[in-house]
Amino acid sequence: MSPLRELLASLPEGLVVQVLSPSAVLITEADAEEALTKREAAVLRLVAQGLTNGQIARRLEISPRTVEKHVENARGKLGAANRTEAALLAYGMTA
């Protein structure tokens, strides 16, 4: 069994495992409201790449205000103080 499968098998029941990218996994309580949406994850991925809200909006073809709302929602779900911390928490990067 792979180390990842062993880790996942050892987690207590009631957790949601969400694969954000090949190198990032988010584990949350089973409460569906706590899992990042695909759009929130996509926005945080672009935040992690250093893009501004305007750049993210253009890339995803949404408004800058919608980007702000996705970042705000993701921050709340992750318990992050700011957008940078949210990206770090979601993608497991180090400063």
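Relevant structure appears above.
The text that follows walks through the structure, step by step, so that each part is easy to find. Predicted model, so just to flag it, every value in this text is computed and none were measured. By convention here, each chain's residues receive numbers from 1 onward along its written sequence. The predicted nature of this model means local features are confined to residues of pLDDT at least 70 and side-chain atom pairs, given and counted, to a pLDDT of 80 or more, with totals for whole chains, interfaces and linings taken over all residues. The basis for the side-chain values is all heavy atoms of the structure; hydrogens and waters are excluded.

Secondary structure elements are taken from DSSP: a helix is a run of H or I of four residues or more, a strand is a run of E of two residues or more, and numbering for both begins at the N terminus. On a plain count of helices and strands, the protein chain comes out with five helices and two strands. A burial count over the protein chain gives 32% of its 95 residues as buried. Any two residues whose heavy atoms approach within 4.5 Å at even a single point are treated as in contact. At a minimum sequence separation of 6, the contacts of the protein chain that also span at least 24 residues come to 40%. Only the protein chains shown count as cover for residues, and all accessible areas are computed by the Shrake-Rupley method using a 1.4 Å probe. Carbon and sulfur atoms make up 54% of the accessible area of the protein chain, which amounts to about 6,100 Å² in all. Only protein chains enter the accessibility calculation, which uses a 1.4 Å probe; a residue is then buried when its area is under 20% of its type maximum, exposed when over 50%, and partly exposed in between.

Our focus in this paragraph is the side chain of H70. Structurally, H70 is set in helix 4 (residues 64–78). You can call H70 buried: its relative accessible area is 16%.

Moving on: the environment of R65. Relative to the helices and strands, R65 is located in helix 4. Take R65: its relative accessible area is 47%, and that puts it in the partly exposed class. Separated by 11 residues in the primary sequence, R65 and G54 place their C-alpha atoms 9.0 Å from one another.

Glancing now at the nonpolar core. Residues L20, A24, L26, L36, A41, L44, A74, L78, A80, A86, A90 and Y91 constitute the largest nonpolar core, which totals 12 residues. Listed by contribution, the elements that provide at least two residues to this core are strand 2 (24–29), helix 2 (38–48), helix 4 and helix 5 (83–91). With three residues, helix 5 is the single largest residue contributor to this core. Those residues in contact with A41, other than ones at most four positions away along the chain, are L20 and Y91. What makes a nonpolar core is a set of buried Ala, Val, Leu, Ile, Met, Phe, Trp, Tyr and Cys residues whose side-chain atoms join them at distances within 4.5 Å.

Attention now moves to the pattern of salt bridges. Within this document, salt bridges are pairs made up of a side-chain nitrogen of Lys or Arg and a carboxyl oxygen of Asp or Glu, the two lying within 4 Å of each other. Scanning the entire structure with this criterion turns up three salt bridges. Ionic pairing is found between E40 and K77, a salt bridge with its closest N-O pair at 2.9 Å. Here K77 lies in helix 4 and E40 lies in helix 2, a separation of 37 residues in the sequence. A salt bridge links E72 to K69, with the nearest nitrogen and oxygen atoms 3.3 Å apart. Of this pair, E72 and K69 are both found in helix 4, three residues apart, which corresponds to roughly one turn of the helix.

All we've got here are geometric facts, nothing functional implied.
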